Amino acid sequence: MLPVSPHTTRLRHPASRAALGMALLVTAGGLAVTASPASAAAPTPSTVTTVTLAASSKPVLRQGSKGAAVSTLQRRLTALHYDVGGVDGDFGPSTHHAVVAFQKVNGLARDGIVGPRTWAALDRPVVPKPKYTHSGYSLEANLTRQVLYLARGGSVVRILDASSGKSSTPTPTGNYKIERRIDGWRQSDLGLLWRPNYFYRGYAVHGATSVPTYPASHGCVRVPIPAMNRLWSVIGVGVPVHVYR
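Cut-offs applied
- Residues numbered from 1 in each chain as written.
- Predicted model: local features only at pLDDT ≥ 70, side-chain atom pairs only at ≥ 80, totals over all residues.
- Heavy atoms only, no water.
- Helix = DSSP H or I, 4+ residues; strand = E, 2+ residues; numbered from the N terminus.
- Buried < 20%, exposed > 50% of the residue type's maximum accessible area, 1.4 Å probe, protein only.
- Areas by Shrake-Rupley, 256 points an atom, 1.4 Å probe, with all protein chains shown as cover.
- Pairing = 2+ DSSP bridges.
- Phe/Tyr/Trp six-rings, centres within 6.5 Å; stacked < 30°, edge-to-face > 60°.
- Lys NZ or Arg CZ within 6 Å of the ring centre and 35° of its normal.
- Axes fitted to C-alpha atoms, helices over the stretch in contact; angles between N-to-C directions.
- Contact = heavy atoms within 4.5 Å.

Asker: How would you sum up the overall build of the protein chain? Please name residues and give values.
Answerer: Of regular secondary structure, the protein chain possesses seven helices and 10 strands. For the protein chain, the proportion of its 245 residues judged to be buried stands at 40%. Entry remark: accessible area of the protein chain is about 13700 Å², with carbon and sulfur atoms responsible for 57%.

The following block contains the structure:
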């Protein structure tokens, strides 16, 4: 900012006043643009730079990280309804899967690492909405995003990382209900299923020791075992299950 003299110089000619204004701008090395109400409200490059620098100044977090920054991350993910499991400052498997689910919903690289792009997206996140509305709880498996939504009353209340059927054994799409479930391990012909919730024939939403970032199952919808344990008491027989792309 230029210093202001206590003495005021009066200019009688508009041309002289304009010339002085230009001289002051040249001296300051800047360029003045008169902002209309619309242009004043529009984001400027400096605003974008500020947001980018703010995200870049935050630490890169990954599985194994600990401390206050991890707690901040966990609180933010929890506020956005991602299944972190709790705020404890420890970037463990549940936080990893919550980050991956967030990256899936927001179209980011699914690496589970919280760098500048993921931090920036956490400030301006995509907020998913369920396709179906029920007064009680319902499940929606979004096969395109590879996530599972727990919904209630037209809002998503929990988002879980998921892996559906691979191309050779796809998960059937449609509208179903949980028909039966088993509270424990089920040894099927195609592998172990933890606490399966069957919604169509032998297809179930179940816990698994492996939940990759891509479709990898034999047709079921896999979620992490701790996530299924947290989900188990919320859902039950008769809960609607919607599976779509």
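Picking up where we left off.
Asker: Tell me about the pairing of strand β8 (residues 203-208), and please be specific about residues and values.
Answerer: Extensive coverage of β8 is indicated by the burial of five of its six residues. In this sheet, β8 lies alongside strand β7 (residues 191-200) in antiparallel orientation, the contact comprising four bridges. What sits directly across from Y198, in β8, is A204. Where β7 folds back on β8, the antiparallel hairpin that results is connected by two residues, among which R201 adopts a positive phi of roughly 50°.

Asker: Outline unusual backbone geometry, supporting the account with residue identities and numerical values.
Answerer: Backbone geometry at H81 places phi at a positive 75°, although glycine is not the residue there. Judged by its relative accessible area of 36%, H81 falls in the partly exposed class. A positive phi angle, near 50°, is found at R201, a position not held by glycine. Structurally, R201 can be placed in the loop between β7 and β8. When its relative accessible area of 61% is taken as the criterion, R201 is described as exposed.

Asker: Break down the packing of aromatic side chains for me, with residues and values.
Answerer: In the structure shown here, the tally under the stated rule is five aromatic pairs. Lying over the aromatic face of Y137, R152 brings its terminal NZ or CZ to 4.6 Å of the ring centre.

Asker: Which residues make up the sheet that holds strand β1 (residues 137-142), and what values go with them?
Answerer: Spatially, β3-β2-β1-β10-β4 is the arrangement adopted by the five strands of the open sheet, whose pairing is mixed. For this open sheet the edge positions go to β3 (155-161) and β4 (174-177), each flanked by a neighbour on one side alone. Adjacent strand axes in the sheet meet at a mean angle of 20°, parallel and antiparallel pairs treated alike. Judged from the four bridges that link them, β1 and strand β10 (residues 240-244) form a sheet pairing that is parallel. Of the residues in β10, the one forming a bridge with L139 is V241. Against the sheet, helix α5 (residues 93-105) engages β2 (147-152) and β3, with an angle of about 115° to β3. Of the strands in this sheet, β1, β2 and β3 are in contact with helix α7 (residues 225-232), which crosses β3 at around 150°.

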